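Structure at a glance
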Amino acid sequence: SSGINAEYGGFDGGRTRQCVDLLATQGFSVILPDYYRNGFFITPGDPGLMEHIKNFPYSKMEPDVNRIIQFARKRGATIFGSIGTCWGSYLVVKMSALPDFKAGISMHPSHPKMMTLLEENEEEAYKEIHCKQLFLSAGNDHENVFPGGLGEKVLGDKLRVEVFPDMVHGWVTRADISDEKNNRDVSKAVELFIEFFKENM
C-alpha cells in the first residue's frame, strides 16, 4: 500500500514530515511529493496566496500525480491512498476518483474554498469519488466538510466526518502541542488517520 501526501505549506510544512514518518512506521510506503518544486511554500497570510492557488489546478498537477503513481508501482505498490491538509485536501478529492485509490484523508480540508477559487464544481468532484473518505475538520472549517454538509450529502456512507470543535484550521500540522488541548487533538487525529488507512487499504 502506498500513501501520497500533500500540504499547502510545501515539502517542509509544519509536522508534515512527521506525519509521513508515522505512517511509514505502520508499514505503508509513503510518498511526499514536492509539487511546488525546490521546497517552495506559502502560508495563508502571505501576499499572493490566491494567485498561487490559481496557478495549481489539478490539470497542471496531474502529470506529477501520474509520475508519482508510476514511481510507486515500480516499487511494488498496487493499492493507493491519499492524505492531505488544507490545500492538500483538493488533491485528495481528485486522486480519490482514480481507480486504484482505496482511501482519502483530508485534515482541516480547504478544498471547498480551493474549488470556488478555481471555478470548479465541488459537488461534481464528490460524485467522481469512489473510495472511502475521512474528513478531520477544525471548528472553523467550511460548512461543506461538517456533518450534514455537501460532502456528506453527496458521499453518504463513503464519508466519515470527525469534527474537532476546539481546534482552528491548520492544527494537525501547525498547532503548538505544548498546549494540552492541541496535543490531545493532534494525537487523536494521528490515531484516526492511521486507523482509517489500516481499515481501508
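Our subject is the structure listed above.
Residues numbered from 1 in each chain as written. Predicted model: local features only at pLDDT ≥ 70, side-chain atom pairs only at ≥ 80, totals over all residues. Heavy atoms only, no water.

**Describing the overall build of the protein**
- Within the protein one finds nine helices and six strands.
- Out of the 201 residues in the protein, the part that is buried amounts to 51%.
- Once local pairs closer than 6 in sequence are excluded, the contacts in the protein between residues at least 24 apart make up 70%.
- Here the protein displays about 9300 Å² of accessible surface, and carbon together with sulfur accounts for 49% of that area. (Helix = DSSP H or I, 4+ residues; strand = E, 2+ residues; numbered from the N terminus. Buried < 20%, exposed > 50% of the residue type's maximum accessible area, 1.4 Å probe, protein only. Contact = heavy atoms within 4.5 Å. Areas by Shrake-Rupley, 256 points an atom, 1.4 Å probe, with all protein chains shown as cover.)

**Description of the pairing of strand E3 (residues 80-86)**
- The element E3 is extensively covered by neighbouring structure, given that seven of its seven residues are classed as buried.
- Relative to strand E4 (residues 101-109), E3 runs parallel, the two being bridged by seven bridges. In the strand pairing of E4, Gly81 is matched with Ala103.
- With helix H4 (residues 88-95) bridging E3 and its parallel neighbour E4, the resulting β-α-β unit is right-handed. (Pairing = 2+ DSSP bridges. Right-handed = clockwise from strand over helix to strand, strands pointing away.)

**Concerning the environment of Val92**
- Relative to the helices and strands, Val92 is located in helix H4.
- Overall, Val92 belongs to the buried group, its relative accessible area being 2%.
- Measuring from C-alpha to C-alpha, the distance between Val92 and Ile129 comes to 9.7 Å, with 37 residues separating the pair along the chain.
- Not counting residues up to four positions away in its chain, the partners in contact with Val92 are Ser82, Ile83, Gly84, Gly104, Ile105, Ser106 and Gln133.

**Brief notes about the packing of aromatic side chains**
- A full pass over the atoms with the stated rule returns four aromatic pairs.
- Relative to Phe197, the ring of Phe28 lies with its centre 5.7 Å away and its plane at 55 degrees, an arrangement referred to as tilted. Of this pair, Phe28 sits in the loop between helix H1 (16-25) and strand E2 (29-31) while Phe197 sits in helix H9 (residues 180-200); the two residues are 169 residues apart in sequence, bridging distant segments of the chain.
- In this structure Phe28 comes out as buried when scored by relative accessible area, which is 11%.
- For Phe197, a relative accessible area of 1% puts it in the buried group.
- In this arrangement the basic side chain of Lys60 is found over the ring face of Phe56, its NZ or CZ atom lying 4.8 Å from the centre. (Phe/Tyr/Trp six-rings, centres within 6.5 Å; stacked < 30°, edge-to-face > 60°. Lys NZ or Arg CZ within 6 Å of the ring centre and 35° of its normal.)

**Observations regarding helix H3 (residues 58-74)**
- Taking 1.5 Å of rise per residue, the 17 residues of H3 would be expected to cover 24 Å, and the 23 Å separating its terminal C-alpha atoms lies within 8% of that figure.
- Buried within H3 are the following residues: Tyr58, Met61, Asp64, Val65, Ile68, Ile69 and Ala72.
- One or two steps after H3, the chain reaches Gly76, where phi turns positive at roughly 100 degrees. (Expected span 1.5 Å × (residues − 1).)

**Observations concerning the packing of H1 against H9**
- The interhelical angle for the contact between H1 and H9, taken along N-to-C directions, is 45 degrees, at an axis separation of 11 Å. Taken together, the axis directions place H1 and H9 in an arrangement best described as oblique. Where H1 crosses over H9, the handedness of that crossing is right-handed. Taking contact as the criterion, the partners of Cys19, Leu22 and Leu23 in H1 are, on H9, Val190, Phe193, Ile194 and Phe197.
- Looking at the contact of H1 with H9, its residues break down into seven nonpolar, no polar and no charged. (Axes fitted to C-alpha atoms, helices over the stretch in contact; angles between N-to-C directions. Parallel < 35°, antiparallel > 145°, perpendicular 65-115°, else oblique. Left-handed = near helix turned anticlockwise from the far one by under 90°. Nonpolar A, V, L, I, M, F, W, Y, C, P; charged D, E, K, R; others polar.)

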